[in-house]
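# Analysis of the macromolecular model
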Protein chains: 2
Amino acid sequence: MNEAEKRLQERYGKKLGALAAEFPWNSQLLDLLSHRSVRAYLPDPLPEGTLDVLIAAAQSAATSSNLQTWSVVAVTDPARKERLSVLAANQAHIRQCPLFLVWLADLARLRHTAQRLGLPEAGLDYLEMFVMAVVDAALAAQNAVVAAESLGLGTVYIGAMRNRPEEVAAELQLPPGVFAVFGLCLGYPDPARPAATKPRLPARAVLQRETYAPLESQEPAIEEYDQTMRAFYQQQQMAVADDWSHHSARRIAGPASLIGPRPAAGRPRPTRLRAALINPPLTAQEIPEPDAGLFLFVLNSKTRPPCSGGEPRTPACDRRTGEVELKLCY
Amino acid sequence: MNEAEKRLQERYGKKLGALAAEFPWNSQLLDLLSHRSVRAYLPDPLPEGTLDVLIAAAQSAATSSNLQTWSVVAVTDPARKERLSVLAANQAHIRQCPLFLVWLADLARLRHTAQRLGLPEAGLDYLEMFVMAVVDAALAAQNAVVAAESLGLGTVYIGAMRNRPEEVAAELQLPPGVFAVFGLCLGYPDPARPAATKPRLPARAVLQRETYAPLESQEPAIEEYDQTMRAFYQQQQMAVADDWSHHSARRIAGPASLIGPRPAAGRPRPTRLRAALINPPLTAQEIPEPDAGLFLFVLNSKTRPPCSGGEPRTPACDRRTGEVELKLCY
């Protein structure tokens, strides 16, 4: 079995001999295929210059219209990592890794720049710009991951940075218009606790040709993957009782499940993304705390008038009907 | 000047000798630093197996909770590329490149899977899941870009896939819950029209330590970058009259500018992201077409009841006040 064949077999949990044999593989491709998330780190600090090189790689990723709507906070202070860990479902690797990067969708730099020049910046209020900034941050972070792995470092993304976004924003002193999209742990993997390559869905489930085929056509690939993942969970002795379909369905069952598989005991339910782009956050009087979690994207409705000439409005909540009314400007 | 020094100088438009000299560089890092967007392609098709390898690399990227909330449509049909080009500000390289990939935030696969099992999937209605899917798609795409560049291919992202999302969804037959986040052109770069490495902001503008410093502290780095970009625009003989600050401010001035620097003549104003996750799209009667563009994220309010037990509601618009009322469930 050649190297490519081995990596593909790990990635898909089965042999893909034809693809492996025919293709002009290179070491970069093989490295990409070998990615695995690392959740156990040695305490060793990163060599001098590593952060700068990772950032240069991140900045080399594409960015929409060169607007560079992302920033990153490098956290090495143990006390701050500890607090961020608590805000992210108590994940131990956030405390353990020598470098924790928090990747930010950053619309504040452009707002500040335009305001300094006395130029309009109303475009920043649109969801389009939020999506652009999230994409910019993700492309940059993934380049940093590839760079880190080329240096023998391990990484794991921390989506739970979105569990309690207002508190993360306060901890990192984020200005209005800056949102923590995800975290990233970096460090040398602990060889005593090696990570496995996790198999993915058969490519034919995610790859569509010319148009998106009816969803039913993905069913055989998903069934095959359920078998693959049953075997993987067993092999890894993971405490997952069933297959990917059931496991994933539990994760999306409702708002309370969105916090991920390891909610911190006694923590409030997630209020992810609610008003996270406005700062200071809306107070409890302005949006009552719903117990199932409310994921409103308020589009700066507090700090900016929602409609020209009008007064800023805050969303009103009718506790009886369970509805929140939000007025948006067009 | 060593290789790393040269790449860093191109990336930042100035010498960074100390960093270059001290660090254990490798070829992967140098390749990441050399990224440039390619907008001129040879007509040569990609070698057999390339798409499969790119998808394997993409699937090897991290994905939140292994939910794999992305898909991709590979488009090679010239007529379809032509139509997509028209929907994306007539960008010629979409027609020209041999392979055009449209990266999708895909919540439909999980919805379908949970529904087949008779399990709840209400979590999918939250903005949190949309952000997760956008991030998943971006991480996957960036891995494909790194893989493609290792094979000598060039790429350029097409954010303008979000200009007219309902029409893109119709063209690609996207089901409800699937959203085209961006496109990606791939092909062999035309050596007659080489692309330059575009300088980025000084790292100290995007990299924050421990906490996000007050925005004013970024001003010197931005001023330095404005000088760098003035020189770059001149050197490249680009028709940009001024610097990055002014150029970027124009891009975010208001909703009409969000479509990017090359709006198609006679095209309607952008309606990016409006109701793009619901399908069929809301009709004009349900949300009137505003001429400044409306960027409502409707969160499936048409296809799913917004509150338990209630009737599905469609947003109502008051033309007089310019307000759209949207009821969300919590």
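Please read all numbers here as calculations on a predicted model, not as lab measurements.

## Looking at the interface of chain A and chain B
In many analyses, interface size is given as the accessible surface area lost on bringing the parts together. Across the boundary between the two partners, chain A contributes 142 residues, which contact 141 residues of chain B. Interface area, chain A with chain B, both sides summed: about 12,500 Å², of which 63% is carbon and sulfur. Counting across the interface, chain A meets chain B through six salt bridges. Between arginine 116 of chain A and glutamate 219 of chain B there is a salt bridge whose closest N-O contact spans 3.6 Å. Here chain A and chain B share 52 residue pairs in polar contact (both at pLDDT 80 or more) between them. Ranked by residue count, the leading element in the side of chain A that touches chain B is helix α8 (residues 127–150) of chain A, at 15 residues. For the side of chain A that touches chain B, the per-class residue count stands at 83 nonpolar, 30 polar and 29 charged.

## Points about the pairing of strand β2 (residues 99–106) of chain A
Residues and elements named next belong to chain A. With eight of eight residues buried, β2 lies mostly within the body of the structure. Alignment of strand β1 (residues 70–75) against β2, held across six bridges, turns out to be antiparallel. Each residue of the ladder has a partner; that of serine 71, found in β2, is leucine 104. Bridging between β2 and strand β4 (residues 178–187) involves eight bridges; their strand directions are antiparallel. Considered in β4, the bridge of leucine 101 is made with leucine 184.

## Side note on the pattern of salt bridges
As enumerated under the stated definition, the model contains 33 salt bridges over all chains in all. One salt bridge connects arginine 111 of chain A with glutamate 121 of chain A, and the closest N-O pair in it is separated by 2.9 Å. Separated by ten residues along the polypeptide, arginine 111 of chain A in helix α7 (residues 108–117) and glutamate 121 of chain A in the loop between α7 and α8 bring together distant segments of the chain. For aspartate 190 of chain B, the salt bridge is made with arginine 193 of chain B, and the minimal N-O distance between the two is 3.6 Å. Judged by relative accessible area, aspartate 190 of chain B falls into the buried class, the value being 15%. Taken together, the salt bridges that share partners define one network made up of Asp77, Arg80, Arg83 and Glu171 of chain A together with Glu210 of chain B.

## Quick notes on the relation of the copies chain A and chain B
With an axial shift of 0.0 Å and an RMSD of 0.0 Å, the rotation relating chain A to chain B amounts to 180 degrees. Taken together, the rotation and translation describe the operation of a two-fold axis. Taken as a fraction of all interface residues of chain A, those also at the interface in chain B reach 99%, which identifies the copy contact as same-surface.

## Regarding the domain arrangement of chain A
If you check the domain split of chain A, you get domain 1 (1–34) and domain 2 (50–187). Here domain 1 of chain A and domain 2 of chain A have C-alpha centroids that lie 32 Å from each other.

Rules of the game
- Note that residues are indexed from 1 along each chain, following the sequence as it is written.
- Each chain is given a letter, starting from A, and each ligand a number, starting from 1, according to the order in which they appear as written.
- For a predicted model such as this one, the threshold for reporting local features is a pLDDT of at least 70, and the threshold for listing and counting side-chain atom pairs is 80 or more; totals across whole chains, interfaces and linings nevertheless cover every residue.
- In computing side-chain values, all of the structure's heavy atoms are included and hydrogens and water are not.
- Any two residues whose heavy atoms approach within 4.5 Å at even a single point are treated as in contact.
- Defined here as a combined quantity, buried area equals the accessible surface (1.4 Å probe) lost by two parts on assembly, summed across both.
- When a carboxyl oxygen of Asp or Glu lies within 4 Å of a side-chain nitrogen of Lys or Arg, that pair is called a salt bridge.
- In protein, a polar contact means a hydrogen-donor-capable atom and an acceptor-capable atom, both N or O and within 3.5 Å, with residues adjacent in sequence counting only if both atoms are side-chain atoms; elsewhere, any N or O pair within 3.5 Å suffices.
- Starting at the N terminus, helices and strands are each numbered in turn, a helix being any DSSP run of H or I of at least four residues and a strand any DSSP run of E of at least two.
- Each residue gets one of three labels, nonpolar for Ala, Val, Leu, Ile, Met, Phe, Trp, Tyr, Cys and Pro, charged for Asp, Glu, Lys and Arg, and polar for the others, Gly among them.
- Using a 1.4 Å probe on the protein chains alone, a residue whose accessible area is under 20% of its type maximum counts as buried, one over 50% counts as exposed, and one in between counts as partly exposed.
- Two strands pair under a simple rule: DSSP has to find at least two bridges between them.
- The fit set for superposing copies consists of C-alpha atoms from residues with pLDDT of at least 70 in both; the fit itself is least squares.
- A domain assignment, automatic or from a database, supplies the domain bounds used here.

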